[in-house]
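Report on the structure
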Number of protein chains: 2
Amino acid sequence: MSAVSRATSVAELVERAQAGEPRAVARLISLVEDRSPSLREVSAALTPLVGGAHVVGITGSPGVGKSTSTSALVTALRAKGQRVGVLAVDPTSPFSGGALLGDRVRMQDHALDEGVYIRSMASRGHLGGLSATAPQALRVLDAAGCDVVLVETVGVGQSEVEIAGLADTTLVLLAPGMGDGIQAAKAGILEIGDIFVVNKADREGAQSTRRELRSVIAMTDRADGAWKPPILLTTATTGDGVDEVVEAISEHRSHLDDSGELERRRLARVRREIEALALTEVQARFAHLSGDARLDVLAGRVLAGETDPFAAADTLVETI
Amino acid sequence: MSAVSRATSVAELVERAQAGEPRAVARLISLVEDRSPSLREVSAALTPLVGGAHVVGITGSPGVGKSTSTSALVTALRAKGQRVGVLAVDPTSPFSGGALLGDRVRMQDHALDEGVYIRSMASRGHLGGLSATAPQALRVLDAAGCDVVLVETVGVGQSEVEIAGLADTTLVLLAPGMGDGIQAAKAGILEIGDIFVVNKADREGAQSTRRELRSVIAMTDRADGAWKPPILLTTATTGDGVDEVVEAISEHRSHLDDSGELERRRLARVRREIEALALTEVQARFAHLSGDARLDVLAGRVLAGETDPFAAADTLVETI
């Protein structure tokens, strides 16, 4: 990919992305993801253009059918004439760009649809992680006129709670099976779910998983007037129940608007983003210290028992 | 729990922990975990005493039998006369201290054994996360004379890679089932595993899971002379195969010693710890800024399109 260093080029790319040109969208995401020199310029150009897209996070354990569900949601949203962005975040992969994993093949149903942008995004090895990189990509999709952006985690680890932090609405997917309710409780996803979906509802045990989930959710504290997360059943492979999920997303959005919660969530999201960017900058400064304040030197002294980690951290902070 | 603020008290606690007194160990872990005022003092007192314990991380998806395997490993290590610490880290829970979850009941087999320390540790909501808090708890168990400390993740999310970062040896647990190899690859755990264990080996498919895993691992790049991760079969509920896991841990330790890799891993671990503590301090300073540099004010300006997140982050960094 060629570098974009001219102000005119960034402005032109943004204009073309706003007009819905897929290549301009892809190019801008690459620029923000690669932390190119024009990243700041891109961010400054996009910031005033965003806010229109509703961001839906999709999370769940491996094997519950996240990719299939995401694809089915795209189909349902497209049928309603909505423009859809898909950001498939893989916190464990160093690869970005195209669809790499076997189970993402289903998304290729949408590859030729001009109303759908699909993007895989790696976050491993990216300074600041998801909190620093994903919001930039979301801004590109938002500015490109997406009505809904689906953020899906690929793989496990490091991600559920972070994805919820990025989203206006968080969908938690489960599949029928013993102990799902307990596993969900352990994973801490009960608090982050705005909508729960028991996928693979054609399998035995879907109703009992729903019941179990309902009783676990009933035990979590919620304020008066708070949103009551619905528990829906889907079979993503056939599309059964997916329209109801789209409907629930829409109802949750209305709740967010009416309660002022949308503003609060978005403010919290930007707070985290700014903080992550600032900490990333500080971390970069740590990495460039020299002499006795070098991290390697400090770590060696701690291992030797000459100093303790807190004193070493103080040295680091005071030096920058 | 009463506060410990006197230097003599900390010194006394450390002395009693070194003598193997369980209550002193528990008290010290609470002190470091609660970030009590004496945290720094405790850390300074412990740092010269540590290095003797071999830290084994145990990771794997929910349902593979992590708790049962940890308990079986404790039994096997105790049979060899080793003192064992268990740190069960739950990145999603705000609760610490006792054993809370149903499946931890098995650990109660060891509750009356004076050669075993068991501790649950939450990391949610703790500034700096696992990287900042777990090393302090590991130091307590190390100083208390544990020969081996098992660090087990409870629940999913946020943790696999972090646990590997804390450990000298990382055990990756799997269970027989379709697609395990692919799921493992997606989870990025292939690179972090020093020893792979297919648990529930009495179930159908254990051998094929091992074969699949072996072929996936064969494809990962490893340097000449590098450790070749064994793939072992266990049935943790009966203890079958667990002695072989203990043996493999011991062989891996020899490899770490001989190759100089132990020193490298521990240096990297302390580096991350110092960095995490320093970033936590910086983050705390961010939270205490006032006026136009307040995070809320900056986030509001970004949402209003008046500034972009990078410029806001610059403001934050320059102000501290």
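Residues numbered from 1 in each chain as written. Chains lettered and ligands numbered in written order. Predicted model: local features only at pLDDT ≥ 70, side-chain atom pairs only at ≥ 80, totals over all residues.

Here's the deal with the overall build of chain A
- From N to C terminus, chain A includes 12 helices and 7 strands.
- Within chain A, the fraction of its 320 residues that count as buried is 51%.
- Of the contacts formed within chain A by residues at least 6 apart in sequence, a portion of 77% connects residues at least 24 apart. (Helix = DSSP H or I, 4+ residues; strand = E, 2+ residues; numbered from the N terminus. Buried ≥ 20, exposed ≤ 12 C-beta atoms within 10 Å, placed from the backbone. Contact = placed C-beta atoms within 7 Å.)

Some remarks on the nonpolar core
- Within the largest apolar cluster, 66 residues are counted, with the highest numbers of intra-cluster contacts made by L87, V140, L141, V149 and V151 of chain A.
- Here the element with the most residues in this core is helix α5 (residues 129-143) of chain A; it accounts for 6 residues.
- Both of domain 1 (1-49) and domain 2 (50-258) of chain A provide at least three residues apiece to this core.
- Excluding residues that lie within four positions of it along the chain, V140 of chain A makes contacts with A17, V25, L28, I29, V32 and L46 of chain A.
- Listed in part, the 65 residues of the second largest apolar core include V14, L28, M121 and V151 of chain B. (Core = buried A, V, L, I, M, F, W, Y, C linked by C-beta atoms within 7 Å. Domains from an automatic or database assignment.)

Some thoughts on the environment of V86 of chain B
Residue and element names in this part refer to chain B.
- Mapped onto the fold, V86 is located in strand β2 (residues 84-90).
- Residue classification places V86 among the buried residues on the basis of 26 C-beta atoms within 10 Å.
- Remark: the alpha-carbon pair of V86 and R272, spanning 186 residues in sequence, is separated by 22 Å.

Structural notes on the environment of V149 of chain B
All names here are of chain B.
- Mapped onto the elements of the fold, V149 is located in strand β4 (residues 148-153).
- Residues V149 and A167, spaced 18 residues apart in sequence, show a C-alpha to C-alpha distance of 9.1 Å.
- Beyond its immediate chain neighbours, meaning those up to four positions away, V149 contacts A53, V55, G85, L87, L138, L141 and D142.

Examining helix α11 (residues 295-303) of chain A
- Those residues of α11 of chain A that sit buried are L295, L298, A299 and V302 of chain A. In a view along the axis of α11 of chain A, the buried residues occupy a sector of 100 degrees, so they form one face of it.
- Where α11 of chain A is buried, its residues meet α10 (261-287) and α12 (309-319) of chain A together with α10 (261-287) of chain B.
- A positive backbone phi angle near 80 degrees is found at G305 of chain A, which sits one or two residues after α11 of chain A. (Arc of directions from axis to C-beta.)

Digging into unusual backbone geometry
- If you check the backbone angles, K200 of chain A has positive phi at about 60 degrees while not being a glycine.
- One can find K200 of chain A in the loop between β6 (195-198) and α8 (206-218).

Concerning the confidence of the model for chain A
Residues and elements named next belong to chain A.
- The pLDDT averaged across chain A works out to 83; a share of 81% of its residues lies at or above 70.
- No element of chain A has a lower mean pLDDT than helix α7 (residues 180-187), which averages 56, and none a higher one than helix α9 (residues 242-259), which averages 97.
- Contacts from residues 1-8, a stretch scored under 50 in pLDDT, to residues over four places away or in other chains number 10 contacts.
- Low pLDDT, under 50, characterises residues 94-105; the predicted model gives this stretch 21 contacts beyond four residues in sequence or across chains.
- In the predicted assembly, ipTM is 0.82 and pTM is 0.73. (pLDDT = per-residue confidence, 0-100.)

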